[in-house]
Amino acid sequence: MPPAFRRYVTADGFSQFGTQVTRVALPLVALLVLDAGPLELGLLSAAEMIGFLLFGLPAGVWVDRLRRKPILVTADVLRAVSLVSIPIAALFDALTLAQLYAVAVIVSIGTAFFDVAHMSFLPSIVTKEQLPKSMGTLESVRSLAVLFGPGLGGWLVQVLTAPIAIVVDAVSYMISATLLATVKAKETPSGGRVSLMEGLRYVLGHRILRLIGLVGAMNMFISGIWAIVQPLYLVKELGVSATAYGLMISGAGAGGLLGALLAPRVIARFGHGPTMYGAAVLMLPLFVLVAFTGPGWRLALYPIGMALISLVGVMLNVAQGSYRQAICPEALRGRMNASLRFLMWGSLPLGGVVGGLLGEALTVHQLLWIACLGYAAGFLPYVLVPAVRKLKITDDGGRVDADAKQDSRA
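Just so it is clear, the model here is predicted, and its values are computed rather than measured. (Residues numbered from 1 in each chain as written. Predicted model: local features only at pLDDT ≥ 70, side-chain atom pairs only at ≥ 80, totals over all residues. Heavy atoms only, no water.)

Here we take up the overall build of the protein chain. Within the protein chain, the regular secondary structure consists of 17 helices and zero strands. At 20 Å, the protein chain has a C-alpha radius of gyration in line with the 22 Å of a compact globule built from 410 residues. Overall, the C-alpha framework of the protein chain stretches about 55 × 45 × 35 Å when taken along its three principal axes. Going through the 410 residues of the protein chain one by one, you find that 57% of them count as buried. Relative to all contacts within the protein chain whose residues are 6 or more apart in sequence, the contacts with residues 24 or more apart total 86%. Looking at the protein chain as shown, the accessible area adds up to about 16,200 Å², and 68% of this sits on carbon and sulfur atoms. (Helix = DSSP H or I, 4+ residues; strand = E, 2+ residues; numbered from the N terminus. Rg over C-alpha atoms; globule rule 2.2 N^0.38 Å. Buried < 20%, exposed > 50% of the residue type's maximum accessible area, 1.4 Å probe, protein only. Contact = heavy atoms within 4.5 Å. Areas by Shrake-Rupley, 256 points an atom, 1.4 Å probe, with all protein chains shown as cover.)

A few words now on unusual backbone geometry. One non-glycine residue with positive phi stands out, namely D35, at about 55°. Among the secondary structure elements, D35 is positioned in the loop between α1 (3-33) and α2 (38-65). Accessibility expressed as a relative area gives 60% for D35, which makes it exposed. Despite not being glycine, D93 shows a phi value in the positive range, around 55°. Looking at the secondary structure, you find D93 in the loop between α3 (68-91) and α4 (97-121).

Summed over the entire model, instances satisfying the criterion amount to one salt bridge. R79 is paired through a salt bridge with D76; the nearest N and O atoms lie 2.7 Å apart. Of this pair, R79 and D76 both sit in helix α3, three residues apart, which is roughly one turn of that helix. (Salt bridge = Lys/Arg side-chain N within 4 Å of Asp/Glu carboxyl O.)

Attention now moves to α4. Relative to the 36 Å expected for 25 residues at 1.5 Å per residue, α4 spans 35 Å between its end C-alpha atoms, a close match to the ideal helical length. Summarising burial for α4: 19 of the 25 residues are buried, a large majority. (Expected span 1.5 Å × (residues − 1).)

With that settled, the discussion passes to the confidence of the model for the protein chain. Here the protein chain averages 83 in pLDDT, and 93% of its residues register 70 or above. Every residue in residues 395-410 is under pLDDT 50, and counting partners more than four places away or in other chains gives 33 contacts. (pLDDT = per-residue confidence, 0-100.)

As structure tokens, then:
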């Protein structure tokens, strides 16, 4: 891999690691420091992703018009500055839920721009043939962060308190910004006016990309509920400590790391479509396994189940991610990624609000079952649509056989 990619991956590693610490610390700030209930946690979950709903599509326009590297650096700095306000406020005993919501919104806006630019920047530093391996490397980095970050985050919360633990994420964003600023890449932004809706029309007019958006939207909606269930059930209901909570979440990282290592080989052997199909088939029994998590020995079902889910989920993500990057024209790549992010992640805030309302009316265990079965159902389109099993990348812009060809609008 070229030196630019190594810097890109190193920056991503610092960023992902810090993000995993905050993934543990932020809800625990609300839960343990500010005594938030299910609805307040739901609103926090919604705030963390509202940026994709509000700025997901405009971010694609910016990414296609301008150079992507400055967008990445600016987004990192914005997120770092906003996060560091939390420990400062806590030191002066001035931290409130309103500030947590505001910081979450600002970080989500920065993340909306960063994620679209980050995904679109990758093909500028690697070849099309290197995309599956590159995506696998990024998923390996993310899985390593999931493996070690939450455990560290839980320990930092227990030793330093949750607000102070968030400093780690702020520092990681600044390191990421510094590294990304030194990456050399050949970018070809349009520089002129581009249509905001063109990327959305491209995605909705392409039957496979449209399907990817649908599956992503369904699962991100459930993720909004999951963000409430996870800390409430494990910490409040089952009484695990902050350190144990972080370690249990880390279980997903072990499976994800193995999935990232296997994904390029599995895709090369079976193809993008069969990999997506096979992973989706496995999701139902694995999420049912997690739903049986409980006190005593059943507590082990959570990290085991999440590790297996992460293993197959990462292979699915590498397959669909490298597919869509390979088939999309460069001039549309930013808006294509932004449109998919908008369709996928834009549903998460709604899921957070719905999850918060359900949490006020149902038991946490009932909400856990709803989330697990919802996740499993979210992957069914990959199983039910025959075109997925025949999907492969070709030289004609991603078309496959007659049953799976994209619509003429694409």
